[in-house]
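Listed here are the chains, written in short residue letters.
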Amino acid sequence: MPPYWESVRPPEGILAARSWAGTDAPAMPLDGRWRFRLSPVATTAVDFVEPGFDDSGWDLIPVPAHWQLHGYGAPAYTNVRYPFPVDPPRVPTGNPTGDYRMRFRLPAGWPAGAPGDRSVLRFAGVDSCARAWLNGAELATWTGSRLPAEIDVTEALRTDADNVLAVRVHQWSAASYLEDQDMWWLSGIFREVALLHRPAGGVRDHFVHAAYDHRTGSGRLRVDVELAGGAAAGPAGVRVLVPELGIDVAAGESVDVDAVRPWSAESPHRYAGTLVAPGERVPLWIGFRTVAVENAILTVNGARVLFRGVNRHDVHPDDGRAVSRADMLRDVLLMKRHNLNAVRTSHYPPHPYLLELCDEHGLYVVDECDLETHGFVFVDWRGNPADDPQWRDALVDRMRRMVERDKNHPSVVMWSLGNESGRGRNLAAMAAWTRERDPSRPIHYEHDWDCADVDVYSRMYATHDEVDAAGRFAEPPLTDPTLDARRRAMPFLLCEYAHAMGNGPGGLLDYQRLFEAYPRCQGGFVWEWIDHGLRARTAAGQEFFAYGGDFGEPLHDGNFVADGLLFPDRSPSPGLLELKKVVEPVRIDAATDPAGAPTGIRIGNRHDLSDLSHLRFDWVLETDGVPVAAGSLEVPPVPAGASTVVALPAQPALPAQPAQPAQPAAGEAWLTVRAVLAEDASWAPAGHEVAWGQLDLSSGRPQHRAGPDPTAPTAPPAPRSTGGPRHRDGTIRLGSGRFDPADGRLLRLGELVLDGPRLDVWRAPTDNDIGRHGMSVERLWREVGLDRMQHRIDAVEVAGDELVVRTRVAPAATDLGLFATYRWSALGPGLRLVVEVTPQGGWPVPLPRLGVRLGLPATLGSVEWFGGGPGEAYPDSRQAARVGRFVRTVADLQTPYLFPQENGNRTAVRWVTLTGAAGVALTVSGEPTFELTARPWTSEDLDAARHPTDLVAGDRIWVNLDRAEQGIGSASCGPGVLPPYRLAVEPTTFAVRLSTG
């Protein structure tokens, strides 16, 4: 007979699942420092469970925690592959096993065991298989790592002496085949443990049914209650009290309320109530809301909902999945502050406190079962538990435990059967049980592409074209016409899209436009919320965040675990700022006349349910980045889905601002309008920015996003200074510049020593360029040789007032090349450079970038620019960049992605000044704009690094002045760069001006 840890049966000895609820009955937390020992193999010997066992030689470990994060073994990361042989339900003999012991005494006043009273031990989460004893008496054996287990310990509990709780936890078990989620393999008691008093006459379970009728504004409430002992509560059993609504009814009785405030993510109103039972009082938080699917549309309270969502794991860089309440609150507040309205709990039920926060602050939740068997894909799904009858009861049990735990949360609007577990009869059984228990919520499961068991048509990483087809009901038909018709009657959503790995994701705006264009396309959930990097240190003590392989795992998936919108320390990445802008619930742009001149400000309300009365609209007018006027707009309470046009504010005269030395005054006047909270919300203070828009009043052309019109012609050449190049002192002198006569490189500008500039087409590939689970453009770039370009000097010659340098830039082993001609001329106190690029050969790939790179002294560490900012931006991820004047240090311009890669580009820069402590400065101006990066290492250094600690600043700053960059895309797991954002190899001319001051 196989050992218990290889059993496929549901847990034994735990109580029936119930809702996670507060109560006035006593409870005793058992968290703290427990005695602990780790064995390398599983064993059935239970010498440690007796109260008199001497554990003084054992170590101490915190509970909740993972033992790998406290020096016992090491974390391991795999995305899909099981880190053990696929031989279900067997697991390796080398099965690390942790034995825990803790001693406790009941506090004074603990109920002394009146007839019918019970004491229950609750484990909120143990990974992966646990067996428990109290005072030597065996209690239960269970699995389901992210699901609670409650155990009746009444008979074993000592009320007048010390109690000894012993728990054995196995790292591997049959259940490990069900928990192959994309995350670190971490073990132990990682959620809290508590002893609960369950009084006679108390509430064993309850189910709040609170529906809302959007046509009448009325609500209907019924609270079903089961009393301790299994009896249903009748009129004399439990009362339901909701004072604000004047409700005082028996449990199980329906009551209609003529007018209620409904719950939604936009307005998460809840009513405080109480269940009053003979033995206890249970607080209720009631949110009236109705979720429905009709005519291929999912609605909440009668309105189509557009999910602006993310996938979220429980994770912390020091504590793994043992997240604190402060961590969870920070996550929810950050989501709300970045315009997100939904979260999918990938790929297991989260800590229940997270759902309380979603109820309170307003987030729609897709609550997902603790199930993933993705590793069976490598054996063609043979033996997949999702379809093997012997696993049926275990899978249904997991679904039951999640639904019963979380059923009273209004934020939960969909149940999900799990993730990436193929197809099978056991999933159908899970769906059938769920639909019978709770018909009020739709059922989700992405791998059910025929949609036989679900209520929504869900996809992962569908391309933009596939989303467009689904929006038009033009997806390829199913062979079964009945299933095809069923699927076409379902809403379409992307449970995962826009893979936020490293720099990116790109293409968010293009997705959002499809979601807004087609009612059936109801948004999606970006993968994912946070990087799973674990805090580590180099041998020299430098801190970094580790990913797969950094702990010596023989099988791992590298940095694929670092694919979030937050860095591991929960600081937002540029991708989160981009997402906030793309999904903002208010659109602000210009109303124009036929000639394109602004005639007013159009304000569109993209909320699903709310009007705009909760927002204030502030504006500021800037010329060349300097504020000249500010105020607030009078905006009516525009209903959801509607728009209005308000008058432009009265404007003062707009003279060009005085330019700083060598900084041209372009005379650009930009009106920025910000929608901010008018009053404090639960998730942000008054004044928090929800949305913004910019209007270019200098040209009469509205600009929704930073950046030049790509079709606009290059600015006309500026008048040149007199005086052409001349040879002197072994250099070529042109104005304030000195050039190397051998290769034409600029050596000095005034007193400033330079290196370059010269043509540069390489960037350190991003995770999305590398495309580990998608199309790899990085591989094509390296095959062509773009990472090893060689520069040949064909001529350095004087042509009238110009110095002309002719070069050919090309990789080895191919006849592809780029002819680059540099035309230098003196311009006032500085120089003008025109670069002409002509491709040679049939280039099979787009370029990573196209521009010039130059080296500057590292002392020029302060950067001021006028253009897009303040953060990084790329062609398909630049919505968050607004036009303005910004000041940062070179260090500030770097984005510390866990895996070093191209980062820090500032877009549509009109001019930039890099300044040193002694006042030495270089100013570069565009004709009209350029893309800017400035970093203390080269792209080649970035390319070679594997962690940020590998990067060492040198004695130079390397500045890229680019005509264009390749887009980012989402090919780390999804579609690549869309055609409009690819950097085609074609003849190009661009110009910049350089001066010192």
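Structure shown above.
Bear in mind the structure is a predicted one, so any value in this text is a computation, not a measurement. (Residues numbered from 1 in each chain as written. Predicted model: local features only at pLDDT ≥ 70, side-chain atom pairs only at ≥ 80, totals over all residues. Heavy atoms only, no water.)

Trainee: I'd like a description of unusual backbone geometry, backed by residues and values.
Mentor: Backbone phi values are negative for most residues with the exception of glycine, while trans is the configuration of most peptide bonds. Omega for the peptide link from S346 to H347 comes to -20°, which places this bond in the cis form. Within the secondary structure, H347 sits in the loop between β26 (342-344) and α2 (352-361). The amide bond that connects E927 to the next residue, P928, takes the cis arrangement and shows omega of 0°. With respect to the helices and strands, the residue P928 is situated in strand β56 (residues 921-935). Even without a glycine there, the phi angle at E420 is positive, about 45°. Summarising the element assignment, E420 is placed in the loop between β28 (412-416) and α4 (425-437). Backbone geometry at A813 places phi at a positive 70°, although glycine is not the residue there. Mapped onto the elements of the fold, A813 is located in the loop between β49 (802-811) and β50 (817-827). For A813, a relative accessible area of 85% corresponds to the exposed category. (Helix = DSSP H or I, 4+ residues; strand = E, 2+ residues; numbered from the N terminus. Buried < 20%, exposed > 50% of the residue type's maximum accessible area, 1.4 Å probe, protein only.)

Trainee: Break down the side chain of R289 for me, citing the residues and quoting the values.
Mentor: The residue R289 is located in the loop between β21 (281-286) and β22 (291-294) in this model. Nearest to the buried, unbridged R289 among oppositely charged side chains is D438, at 6.6 Å. Within the structure, R289 has its side chain in polar contact with the backbone oxygen of P410 (distance 2.8 Å). Here V412 takes part through its backbone oxygen, which lies 2.9 Å from a polar atom of the side chain of R289. Excluding residues within four positions of it along the chain, R289 makes contact with A210, A211, Y212, W263, N301, H409, P410, V412, V413 and R441. (Lys, Arg positive; Asp, Glu negative; His and termini not counted. Salt bridge = Lys/Arg side-chain N within 4 Å of Asp/Glu carboxyl O. Polar contact = N/O pair within 3.5 Å; in protein donor to acceptor, adjacent residues only side chain to side chain. Contact = heavy atoms within 4.5 Å.)

Trainee: Any details on the sheet that holds strand β24 (residues 303-304)? Residues and values, ideally.
Mentor: Pairing is antiparallel across the open sheet formed by 3 strands, whose spatial order is β22-β23-β24. Looking at the sheet topology across the chains shown, the edges are occupied by β22 and β24. Examined bridge by bridge, β22 and strand β23 (residues 297-300) share 4 bridges and lie antiparallel to one another. Within β23, the residue paired with V291 across the bridge is V300. (Pairing = 2+ DSSP bridges.)

Trainee: Please set out the packing of helix α7 (residues 508-517) against helix α8 (residues 574-582) residue by residue, giving values where relevant.
Mentor: As a packed pair, α7 and α8 sit with axes 10 Å apart at the nearest point and diverge in direction by 25°. Relative to α8, α7 is oriented roughly parallel. The hand of the α7/α8 crossing is right-handed. Contacts between α7 and α8 involve L508, L509 and Q512 from the former and G575, E578, L579 and V582 from the latter. Taken together, the residues of the contact of α7 with α8 sort by class into 4 nonpolar, 2 polar and 1 charged. (Axes fitted to C-alpha atoms, helices over the stretch in contact; angles between N-to-C directions. Parallel < 35°, antiparallel > 145°, perpendicular 65-115°, else oblique. Left-handed = near helix turned anticlockwise from the far one by under 90°. Nonpolar A, V, L, I, M, F, W, Y, C, P; charged D, E, K, R; others polar.)

Trainee: Quick one: what's the story with the sheet that holds strand β29 (residues 443-444), residue by residue and with numbers?
Mentor: Read across the sheet, 8 strands follow the order β29-β28-β27-β26-β25-β32-β31-β30 without closing on themselves; strand pairing throughout is parallel. Since the sheet does not close on itself, it has two edges, and those belong to β29 and β30 (457-460), each with one partner. As paired strands, strand β27 (residues 364-368) and β28 are joined by 4 bridges and run parallel to one another. Note that in β28 the partner of D367 across the bridge is W415.

Trainee: Summarise the environment of C521; cite the residues concerned and give the values.
Mentor: Looking at the element boundaries, C521 is found in strand β32 (residues 521-526). Here C521 is in contact with R304, L306, V467, A470, G471, F492, L514 and F515, once residues within four sequence places are set aside.

Trainee: Break down the state of the cysteines for me, citing the residues and quoting the values.
Mentor: As enumerated under the stated definition, the model contains 0 disulfides in all. Counting only cysteine sulfurs, C495 is the nearest neighbor of C451, a cysteine outside any disulfide, at a range of 11 Å. Here C973 is not cross-linked by a disulfide; its sulfur's nearest cysteine counterpart is in C495, at 11 Å. (Disulfide = S-S within 2.5 Å.)

In short, the description is geometric, and any link to function would need to be established separately.
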